[in-house]
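Structural characterization, general
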Amino acid sequence: MKTKILVPLALLSALVVLSSNSPRTEAPPAGAWEKITNALPAQAWAKPQKSRKLLVFSATAGFRHASIATGKVALTELGKKTGAFEAVVSDDLAHFEPQAIQQFDAICFLSTTQDVLSPHPEVLKKMSDDEKKIATETTVRLRKSLMNFIESGKGFVGIHAATDTLYNMPEYGRMIGGYFDGHPWNAGTQVQIDVEKGLEKHPLTQMFQGQSMNFKEEIYQHKDPYSSKTQQVLLRLNVEKSGQVGGMKRQDGDYGVAWARLHGKGRVFYCSLGHNHEIYWNEKILSHYLAGIQWAIGDLAAKVEHE
Ligand SMILES: [Zn+2]
């Protein structure tokens, strides 16, 4: 059993060392690998049309979640166990270059924060004016490349802080469907998450069998361009049945937790769950992530309707 645990962790830490702005010590909590393994779905929701590659990118220019390390293991093992995709865990910006990005079927932003398509602020500080000029040109090119990738028919998957990312790129906000606007419900708040009414049998929510989830998790509120109208909300916070909190800003009470949307010819899946480590060994949520990823990749059919 021990070697089984050591191999993937060693591999992951090697990848973490390669990336420029991830702390070298990042690792999931003790026992996480086994809990994740036990919670993984037995099989994919749909047979992949061909071998699929998902870039799992978790660069951060702002807050860095400890659960990123856990999420990396969960997504890697989810793809391996079900055969739905191969997760390429890397924060290397070279993957976003117009040619390089084409090797992927979808890009996953796992709790990224702030301006992740530019060099890390600490790196930027040390650059000469010429280097900064090149960096700016590179950022423009990578932004365009990411948007072209999605709009041309590929997939995008956002987990948790992916909406706390790229505020300076409004086309990203429109693509993902909203920007983070604080979390009135903290990591320790007991919350209830409901399946959106009428979607009990939807391919992206069927794993919940119409049942609500109750657990402790940090829940985001989102601001413009967020709207339930411009995306298909899949999961929603039940405000009445969740812990009472301050700081709620939405007059319309619209607190979507997961959604899907079409963007150009591409498919975008976002799930805000993923702050606490436990989310990554929750059977239902792993199954939900898998469905969302397979839909974004283009293997799982699902009706997604919005304005
Ligand atoms: Zn968080």
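Residues numbered from 1 in each chain as written. Predicted model: local features only at pLDDT ≥ 70, side-chain atom pairs only at ≥ 80, totals over all residues.

What follows deals with the nonpolar core. Ranked by internal contacts, the top residues of the largest apolar core, which has 81 residues, are Ala106, Ile107, Cys108 and Ile293. Here the element with the most residues in this core is helix 7 (residues 283-297); it accounts for nine residues. (Core = buried A, V, L, I, M, F, W, Y, C linked by C-beta atoms within 7 Å. Buried ≥ 20, exposed ≤ 12 C-beta atoms within 10 Å, placed from the backbone. Helix = DSSP H or I, 4+ residues; strand = E, 2+ residues; numbered from the N terminus.)

Moving on, we come to unusual backbone geometry. Keep in mind that most residues, glycine aside, have a negative phi and that most peptide bonds are trans. Of note, the amide linkage connecting Asp224 to Pro225 takes the cis form, showing an omega dihedral of 5°. Although it is not a glycine, Gln114 adopts a positive phi angle of roughly 60°. Secondary-structure assignment places Gln114 in the loop between strand 3 (106-110) and helix 4 (121-125). The partly exposed category is assigned to Gln114, around which 18 C-beta atoms lie within 10 Å. Residues other than glycine seldom take positive phi values, yet Gln209 does so here, at roughly 50°.

Regular strands show a simple pattern: their side chains alternate between the two faces of the sheet. Burial runs high along strand 9 (residues 232-237): six of the six residues are buried. Sheet analysis places strand 6 (residues 190-195) next to strand 9, joined by three bridges and oriented antiparallel. Bridging from a neighbouring strand, Val195 pairs with Leu235 of strand 9. In this structure, strand 9 lies alongside strand 10 (residues 256-263), joined through four bridges in antiparallel fashion. When the bridges of strand 10 are listed, Val233 appears paired with Trp259. (Pairing = 2+ DSSP bridges.)

Here the focus is helix 3 (residues 68-82). Along its 15 residues, helix 3 runs 21 Å from first to last C-alpha, staying within 8% of the 21 Å computed at 1.5 Å per residue. Counting buried positions along helix 3 gives 12 out of 15 residues, so the element sits mostly inside the fold. Buried within helix 3 are the following residues: Ile68, Ala69, Thr70, Gly71, Lys72, Val73, Ala74, Leu75, Thr76, Leu78, Gly79 and Thr82. Gly83 lies just past helix 3 and shows a positive phi near 70°. (Expected span 1.5 Å × (residues − 1).)

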